[in-house]
Amino acid sequence: STATTTAASSQAPRIAIIGGGFAGLACGRKLKELGLQATIFDTGKRGPGGRASSRLWQGQYADHAVQFVTASDPAFESFLEGSGAALRWSSQ
């Protein structure tokens, strides 16, 4: 019994994150930095970002719900750029 308990407790935990918005993606990234593996479950059919994501519509990218996101923190800006949750807007 002790061997079974020890073996079970030495295995990495199975972690599920519900939602692929900013909070879910940030949680997944932090867990990865800590050496843990997590699976993110999201209903988004086209990509990550939740309410702050962009969608391709008639050949152009359009904000799905949030009109803009401002990143004044360098770590958050890096997260946005690396996650695919939001795209940098360009008037070109």
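This one's a predicted model, so the numbers in the text were calculated from it and none came from an experiment. (Residues numbered from 1 in each chain as written. Predicted model: local features only at pLDDT ≥ 70, side-chain atom pairs only at ≥ 80, totals over all residues. Heavy atoms only, no water.)

1. A word on the packing of helix α2 (residues 22-33) against helix α3 (residues 74-83)
Step number 1: In the contact formed by α2 and α3, the axes pass within 11 Å of each other and the chain directions differ by 95°. Considering their axes alone, α2 and α3 lie roughly perpendicular with respect to each other. Only F76, S78, F79, L80, G82 and S83 of α3 make contact with α2, whose side of the interface consists of F22, L25, A26 and R29.
Step number 2: When grouped by side-chain class, the residues that make up the contact of α2 with α3 number 6 nonpolar, 3 polar and 1 charged. (Axes fitted to C-alpha atoms, helices over the stretch in contact; angles between N-to-C directions. Helix = DSSP H or I, 4+ residues; strand = E, 2+ residues; numbered from the N terminus. Parallel < 35°, antiparallel > 145°, perpendicular 65-115°, else oblique. Contact = heavy atoms within 4.5 Å. Nonpolar A, V, L, I, M, F, W, Y, C, P; charged D, E, K, R; others polar.)

2. Focus on the pattern of salt bridges
Step number 1: One pass over the structure, following the stated rule, counts 1 salt bridge.
Step number 2: For E33, the salt bridge is made with K30, and the minimal N-O distance between the two is 3.8 Å. Placement of the pair is E33 and K30 together in helix α2, with a separation of 3 residues, close to one helical turn.
Step number 3: Residue classification places E33 among the exposed residues on the basis of a relative accessible area of 57%.
Step number 4: For K30, a relative accessible area of 47% translates into the label partly exposed. (Salt bridge = Lys/Arg side-chain N within 4 Å of Asp/Glu carboxyl O. Buried < 20%, exposed > 50% of the residue type's maximum accessible area, 1.4 Å probe, protein only.)

3. Notes on the pairing of strand β2 (residues 38-41)
Step number 1: Bridge count for strand β1 (residues 15-18) against β2 is 4 bridges, and the pairing is parallel. Paired with I18 across the two strands is F41, which belongs to β2.
Step number 2: Read from β1 through α2 to β2, the crossover connection turns out right-handed. (Pairing = 2+ DSSP bridges. Right-handed = clockwise from strand over helix to strand, strands pointing away.)

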